[in-house]
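Commentary on secondary and tertiary structure
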Amino acid sequence: MLLVNAVAPAALLLAVPHNPQAADSCLSKYYYGTHGQQDVFITNDDLCVTETASLFTEGSLVPVAGDVQQLVWLEHEAVDPSIRPATFVDEINVFLSQLPSAVPIASDSEQVVFGDRKGAELLHRTETSALISIDSETALTLDQHLPRFWKVSPLPPAPVPFVPVPSKAVERVKDILANLKFDPVVASLVNNISVPQLRADVRYLTGESPTSEIVSRHSFSKGILIAAEWLKGNFENLGATCELKPYLAGFAPNVICSYEGSEDTTETVLISAHYDSRGTFGSIRAPGGDDDGSGTTALLGIARAISRKGVKFRKNVQICAFSGEEQGLYGSRYYAQELREKGANLTLMVQADMLAYHAPGEPAQLGLPDRIGTPEVTQLIANLSAIYSPELKVGFTPACCSDHQSFHGQGFPATQVFERAGPIADPMYHNSGDLSDRENYDFEQIKSIAKVQFATLLHVAGFDLASDD
């Protein structure tokens, strides 16, 4: 049932579990994006809310005054009971109690602390979510103060288009699914991903390598700029054409790398990860070995195999490392919106976020999103895993949401690959101890999942080998 706050508002904010059918309803013109697994609408159209009530079996109606600042949705991640703190409600209560006087104070220490200016307001609260109104500058730094299992998602200042994935795009993925079969050449290529190189790459990104100067890859840190240049240089040396693409002042750029297809087509296949990280509050370290050094390293492993084996794609391919994910998917949101505005012909995208943690006593796994994403792309990934990485047990995860959400929200077929068919179990999640040199950090699992990503590129984009010329 819908939970309603009994206050006469200037407007109502409706937060409900994601439902693509809302795109065809009167609510679509009041859409403020999908945040976590919640579709958010803001409207004063009571008739529309009444007419669409049958679409939703649960959700919240929140009164919103006309003088709100930046609206930010906060949501508790789906985490395994073994790592969920008994005090998680107390932790968020402490955080929320500090909001009325919370503003950022500039610091050179890669951490920002709350200062003394008023202006924040708690508008809505459940055990696992909250809606706050806060000044836009502070909104950009909330990730540095939230308890580690909470994520932040800023609402846009005005309604945005509710863009479902077009049926034509879905049919294209279905055609790929229908014709999918084992290819021994693909099997040979994906097995060329090197575990020793994966280890070397992630150790540079985390700062574990003595050759690395990186202390943190937080989106506003010095270290992430070093990482950006390092990633760009490596991808370019491996044959891609890359650019550092800025999108918002203060944030590190997105790293966008391309392989031009041999065919005369605009069709593009995109795989991605986020290269920013988040550490323990009060620590300058944010190594992000699993979240998401593992996904970023997988991209490099794929690029190294492409170069080593002389792969030439028939359709266009992009490999993207996004920043700003931890602050609310900023980097991917800007890029996905840019692609939509340009009318990009994106066949599908696959985001890799957290691939390395292998829970003790469990088999190696591949988790796929249970709600946010395109089911047909998710099925394609599951089928490719069964063919090329049968060592992975495949299932669904409620862990949500990474940069694929930005593309899904722009109407592009998209999904995510994750380390577990279940909630987050990594005890070093959003922790300064998120290093690769620790128990249960599994490079073989990274390789197995990267093989699935690489197989996706090979099957969907098509390819030739240099030796075939």
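Notes on the structure in this doc start here.

The rules we used
- Residues numbered from 1 in each chain as written.
- Predicted model: local features only at pLDDT ≥ 70, side-chain atom pairs only at ≥ 80, totals over all residues.
- Heavy atoms only, no water.
- Pairing = 2+ DSSP bridges.
- Helix = DSSP H or I, 4+ residues; strand = E, 2+ residues; numbered from the N terminus.
- Axes fitted to C-alpha atoms, helices over the stretch in contact; angles between N-to-C directions.
- Contact = heavy atoms within 4.5 Å.
- Expected span 1.5 Å × (residues − 1).
- Parallel < 35°, antiparallel > 145°, perpendicular 65-115°, else oblique.
- Left-handed = near helix turned anticlockwise from the far one by under 90°.
- Nonpolar A, V, L, I, M, F, W, Y, C, P; charged D, E, K, R; others polar.
- Core = buried A, V, L, I, M, F, W, Y, C linked by side-chain atoms within 4.5 Å.
- Buried < 20%, exposed > 50% of the residue type's maximum accessible area, 1.4 Å probe, protein only.
- Polar contact = N/O pair within 3.5 Å; in protein donor to acceptor, adjacent residues only side chain to side chain.
- Phe/Tyr/Trp six-rings, centres within 6.5 Å; stacked < 30°, edge-to-face > 60°.
- Lys NZ or Arg CZ within 6 Å of the ring centre and 35° of its normal.

1. Focus on the sheet that holds strand 6 (residues 70–76)
- Here we have four strands laid out as an open sheet, ordered 9-10-6-11, and antiparallel in their pairing. Edge strands, defined here as strands with exactly one partner in the open sheet, are strand 9 (121–125) and strand 11 (150–154). Looking at each pair of strands side by side, their axes are set apart by 25° on average, direction ignored.
- Contacts from helix 2 (residues 88–98) reach strand 6, strand 9, strand 10 (129–134) and strand 11 within the one sheet, and its direction differs from that of strand 9 by about 150°.

2. Section: helix 4 (residues 167–178)
- Here helix 4 contains 12 residues, and its C-alpha end-to-end distance of 16 Å stays within 8% of the 16 Å for a straight helix at 1.5 Å per residue.
- Elements in contact with the buried residues of helix 4: strand 17 (346–352), helix 10 (375–388) and helix 12 (443–461).

3. Observations concerning the packing of helix 7 (residues 222–237) against helix 8 (residues 293–309)
- At a minimum axis distance of 10 Å, the contact between helix 7 and helix 8 shows a crossing angle of 20°. Here helix 7 lies roughly parallel to helix 8, going by the angle between them. As for how helix 7 packs across helix 8, the hand of that crossing is left-handed. Contacts from Trp230, Leu231, Asn234 and Phe235 in helix 7 reach Thr296, Leu299, Leu300, Ala303 and Arg304 in helix 8.
- Of the residues that constitute the contact of helix 7 with helix 8, the class distribution is six nonpolar, two polar and one charged.

4. Section: the nonpolar core
- In this structure, Phe235, Tyr275, Phe313, Val417, Phe454 and Leu458 are the most contacted members of the largest nonpolar core, which totals 74 residues.
- For this core, the element with the most residues is helix 12, which contributes 11 residues.
- Setting aside anything within four residues of it in sequence, one finds Leu458 in contact with Val186, Leu189, Val190, Val311, Phe313 and Phe463.

5. Observations concerning the side chain of Ser219
- Mapped onto the fold, Ser219 is located in the loop between helix 6 (195–206) and helix 7.
- In this structure Ser219 comes out as buried when scored by relative accessible area, which is 1%.
- Here the side chain of Ser219 touches Asp276 through a polar contact of 3.3 Å, side chain to side chain.
- Among the polar contacts listed, one links the side chain of Ser219 to the side chain of Gln327, at a separation of 2.8 Å.
- Not counting residues up to four positions away in its chain, the partners in contact with Ser219 are Ile224, Gly250, Phe251, Ala252, Asp276, Ser323, Gly324 and Gln327.

6. A closer look at the packing of aromatic side chains
- Scanning the entire structure with this criterion turns up 15 aromatic pairs.
- Judged by centre distance (5.4 Å) and plane angle (35°), the rings of Tyr247 and Tyr334 are tilted. Residue Tyr247 is found in the loop between strand 12 (241–245) and strand 13 (254–259), and its partner Tyr334 is found in helix 9 (residues 330–341); the two are separated by 87 residues along the sequence.
- Ring geometry for Phe407 against Phe412: centres 6.3 Å apart, planes inclined by 50°, an arrangement best described as tilted. The same class applies to Phe407 and to Phe412, which are both buried.
- Through a chain of ring-to-ring contacts, three or more aromatic side chains come together here, namely Phe220, Tyr247, Phe251, Tyr330 and Tyr334.
- Across the ring face of Phe443, the terminal group of Arg199 is positioned such that the distance to the ring centre comes to 4.5 Å.

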